[in-house]
Amino acid sequence: MAGKSSGEAADIYRHTPAGKGDGEASGVYRRTLAGRVWRYKWLYLMLTPVMAYFIIFKYAPMYGIVMAFQKYNPFKGIFDSQWVGLDVFKKVLSNHNFWVSVKNTIVLNLLVLIVNFPLTIIISLMLNEIRHIRFKKFTQSVLYLPHFISWVVVAGIARATLFTTNGGTVNMLLESFGGTAKPFLSDTVWWTVMYVFMNTWKEVGWGTIIYLAALTGIDESLYEAAYLDGATRMQRIVYITLPLIKSTVVTMLILQVSRVMSIGLDAPLLLGNDSVINVSEVIATYVYRLGIVRNDYSQATAIGLFQSVVNILILVLADRFAKLIGEDGII
Amino acid sequence: MSIGRKRKKDMQEAYSGIKEAFSIVDVLFYLCVGLTALVCLYPILNVLAISLSGYQEVLSNSVTWYPKNISFAAYRDIFRRKQIWQAMGTTILVTVYGTAAGLVLTTSAAYVLSRNNLPGRKFFSAMILFTMYFSGGIIPTFVVVKGLGLVDTLGALFIPQAVSVFNFVIMRTFFRELPESLEESAQIDGATELQVLFKIVLPLSVPIIATVGLFYAVQYWNDYFQSLIYITTDTKYTLQLRLRSFLFGQELDAQAQVSGDRGQIMTQSLKMASIMFATLPILVVYPWLQKYFVKGMMLGSVKG
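Please read all numbers here as calculations on a predicted model, not as lab measurements. (Residues numbered from 1 in each chain as written. Chains lettered and ligands numbered in written order. Predicted model: local features only at pLDDT ≥ 70, side-chain atom pairs only at ≥ 80, totals over all residues. Heavy atoms only, no water.)

### Details of the overall build of chain B
For chain B, the count of helices and strands is 15 helices and 0 strands. The burial tally for chain B puts 52% of its 304 residues in the buried class. Pairs at least 24 residues apart make up 70% of the contacts formed inside chain B by residues separated by at least 6 positions. Carbon together with sulfur atoms contributes 65% to the accessible area of chain B, which is approximately 14,100 Å² in total. (Helix = DSSP H or I, 4+ residues; strand = E, 2+ residues; numbered from the N terminus. Buried < 20%, exposed > 50% of the residue type's maximum accessible area, 1.4 Å probe, protein only. Contact = heavy atoms within 4.5 Å. Areas by Shrake-Rupley, 256 points an atom, 1.4 Å probe, with all protein chains shown as cover.)

### Here we look at the environment of Glu177(B)
With respect to the helices and strands, the residue Glu177(B) is situated in the loop between helix H9 (165-176) and helix H10 (180-188). As for Glu177(B) and Ile209(B), which are separated by 32 residues in sequence, their C-alpha atoms are 15 Å apart.

### Some points on the side chain of Thr161(A)
Position of Thr161(A) among the secondary structure elements: in helix H9 (residues 151-162). Taking the relative accessible area as the measure of exposure, Thr161(A) reaches 4% and is therefore buried. Separated by 3.4 Å, the side chains of Thr161(A) and Asn46(B) make a polar contact. (Polar contact = N/O pair within 3.5 Å; in protein donor to acceptor, adjacent residues only side chain to side chain.)

### Some words on the confidence of the model for chain B
Residue and element names in this part refer to chain B. Per-residue confidence for chain B gives a mean pLDDT of 85; residues scoring 70 or more make up 86%. Element-level mean pLDDT values for chain B span from 44 in helix H1 (residues 2-11) up to 96 in helix H8 (residues 155-158). A low-confidence stretch, residues 1-16 (pLDDT under 50), is modelled with 25 contacts involving residues beyond four sequence positions or located in other chains. For this predicted complex, the interface confidence comes out at an ipTM of 0.87, alongside a pTM of 0.87. (pLDDT = per-residue confidence, 0-100.)

### So, the pattern of salt bridges
In total, this model carries 9 salt bridges over all chains according to the counting rule given. The residue Lys202(A) makes a salt bridge to Glu203(A) at a minimum N-O spacing of 3.5 Å. Using a relative accessible area of 6% as the deciding quantity, one classes Lys202(A) as buried. The class for Glu203(A) is partly exposed, based on a relative accessible area of 25%. The partner of Asp152(B) in a salt bridge is Lys236(B), and the shortest N-O contact between them spans 3.6 Å. With a gap of 84 residues between them, Asp152(B) in the loop between helix H7 (138-147) and H8 and Lys236(B) in the loop between helix H13 (225-230) and helix H14 (239-248) connect regions that are remote in the sequence. (Salt bridge = Lys/Arg side-chain N within 4 Å of Asp/Glu carboxyl O.)

### Looking at the confidence of the model for chain A
Residue and element names in this part refer to chain A. The pLDDT averaged across chain A works out to 85; a share of 90% of its residues lies at or above 70. Averaged pLDDT values over the elements of chain A bottom out at 40 in helix H1 (residues 2-14) and peak at 95 in helix H7 (residues 96-129). Low confidence marks residues 1-26, where pLDDT is under 50. Its contacts with residues over four positions away, or in another chain, come to 16 contacts.

### A closer look at the domain arrangement of chain B
Under the domain assignment used here, chain B contains domain 1 (21-71) and domain 2 (81-243 + 295-301). Distance from the C-alpha centre of domain 1 of chain B to the C-alpha centre of domain 2 of chain B: 36 Å. (Domains from an automatic or database assignment.)

### Quick look at H9(A)
Residue and element names in this part refer to chain A. Under the 1.5 Å per step criterion, the end-to-end length of H9 is only 14 Å for 12 residues, more than 12% shorter than the ideal 16 Å. Of all 12 residues that make up H9, 11 are buried, and the element is covered over most of its length. Taken as a whole, H9 has its buried residues at Trp 151, Val 152, Val 153, Val 154, Ala 155, Gly 156, Ile 157, Ala 158, Ala 160, Thr 161 and Leu 162. (Expected span 1.5 Å × (residues − 1).)

### As for unusual backbone geometry
Unlike most non-glycine residues, Asn295(A) shows phi in positive territory, near 60 degrees. In this fold, Asn295(A) is placed in the loop between helix H16 (283-293) and helix H17 (297-324). Positive phi values are uncommon outside glycine, yet Asn69(B) reaches one of about 55 degrees. With respect to the helices, strands and loops of the structure, Asn69(B) is situated in the loop between helix H3 (55-59) and helix H4 (73-80). Note on Asn69(B): relative accessible area 51%, which makes it exposed.

### Details of the interface of chain B and chain A
With 102 residues of chain B at the contact, the number on the chain A side is 102 residues. Both sides together, the interface formed by chain B and chain A hides about 9,700 Å², and carbon and sulfur atoms give 74% of it. Where chain B packs against chain A, one counts 2 salt bridges. One salt bridge in this structure joins Arg131(A) and Asp26(B), with 3.2 Å as the shortest N-O distance. Taken together, chain B and chain A are joined by 19 residue pairs in polar contact (both at pLDDT 80 or more). Sorting elements by how many residues they give to the side of chain B that touches chain A places helix H2 (residues 24-52) of chain B first, with 18 residues. (Buried area = accessible area lost by both parts, 1.4 Å probe.)

Have a look at this one:
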């Protein structure tokens, strides 16, 4: 209450006509736009370096997209290279390797989503039921930890110890349960299994933070009332906890589905190798090989543009869908 | 009395009003959560154990979660390599510069754009948020960085990605949720916007500054992509690039061939020791910063 009333007071105070100012800045400054801008001059000064950063490193590259419509020549630069219209796009879209990388990006992202998404929710629900604080805190610490480990290290763990064919932990486990060792590093199907496992290992615990955040501050009397009415533990989870995180679940799902065409370069490049390139080559690694390794700036830029445009389309669709089903939008 | 009270407090998390008996469902939940934690932890313990185990034990693949026949030979070898110290130095510099620059820029942007009355704040915010959805892409950014003469310099490793939009968003959310009355009463007392920032807002923002600082530091410490595309000179390799060539490159394997079977196994311990060397700094600061990032993430994600 105190906060609100003093806020109102300050508001009135700000809009008071000339003459009732605090003496330092006169009322004229308060009323005109120029005056308001001048009043905040130090804040604008603070903002300048940040906006300069975004203009130079985010907006200037957007102009560089014109390379996708040029036969880019590094010696002539962006301004003097020859314009070729849609020729670069035609070349990209008719390339089999491009479509393989698009397919792999979508398949790997969807597989990780299918495994990771429900698992994150299940672990969050179970963590929420743990009543022993020290056990809960310790397991949470352990679960968040892999998120902070670099992809180079994660790939090192996977390829040098966890999934090696001879003596790898996973294969030794499989053998001790009567199975046979699987070629996780060289067979495309088993490689995909490993890829999904390592992604889940790294991010599943971190993902629980957002659900646990949605569950803090729940009115405990809900649970108490349900308990007194004889609801079992499972009933309380299904009828109280789940509805409370439903909108978070929907938002996260839409957000993650909308990212189905975006993929980091690190995981596929570091986990992959030549024998699984048919499934591990994704858009990011393809752009890297074309643009940085082979210096074909025009094609690599065109692929980047294709990806950005598709991303925006999916995002807008996902946002519309979210609003359609009565959830908050994501844009 | 204090022990009894502590035990009681320990158990009061989920539903404090219910004194329900420990049931079979609880056992199941504790088991599953415990098992998941074990799966998360085991690979790291396994790496640590192999890096510390003796030659015979590594050879027979018998090392699991604890070291057998403890030997520091692999670490002695790692510590003797100049390259890895050089890479560590580069990474420390980039992490310090990058985190400092990221915190200063993100805090100023988030604070300025959290002010309710600032003319143009919506335009500037939209300009920042738009870059989250649309970007020029890898190659046009590379061309800009190259044009600025940053390729193959340390600057290329943090300047082109100095501000993370995600960090900006969680920080701005945090600032917006600070009680306005505090700032307004300070302003009525004649404090300037900058005095409000330094005397009132920043001291209240330790959790979010620690969180965002940790995110930047981890981003730079673990960065692989930026150094892969911008660094070409061997002596400027970052820790992750050096680690990659240790783990997947030919150098260790070539040395192993020269020294035979014993070399092969040493290679395995060496690889694991290099992983520990590169990850230890994160493992050391992690427990100290955990309370901040969980709090910061929860506060930041409420409306994020």
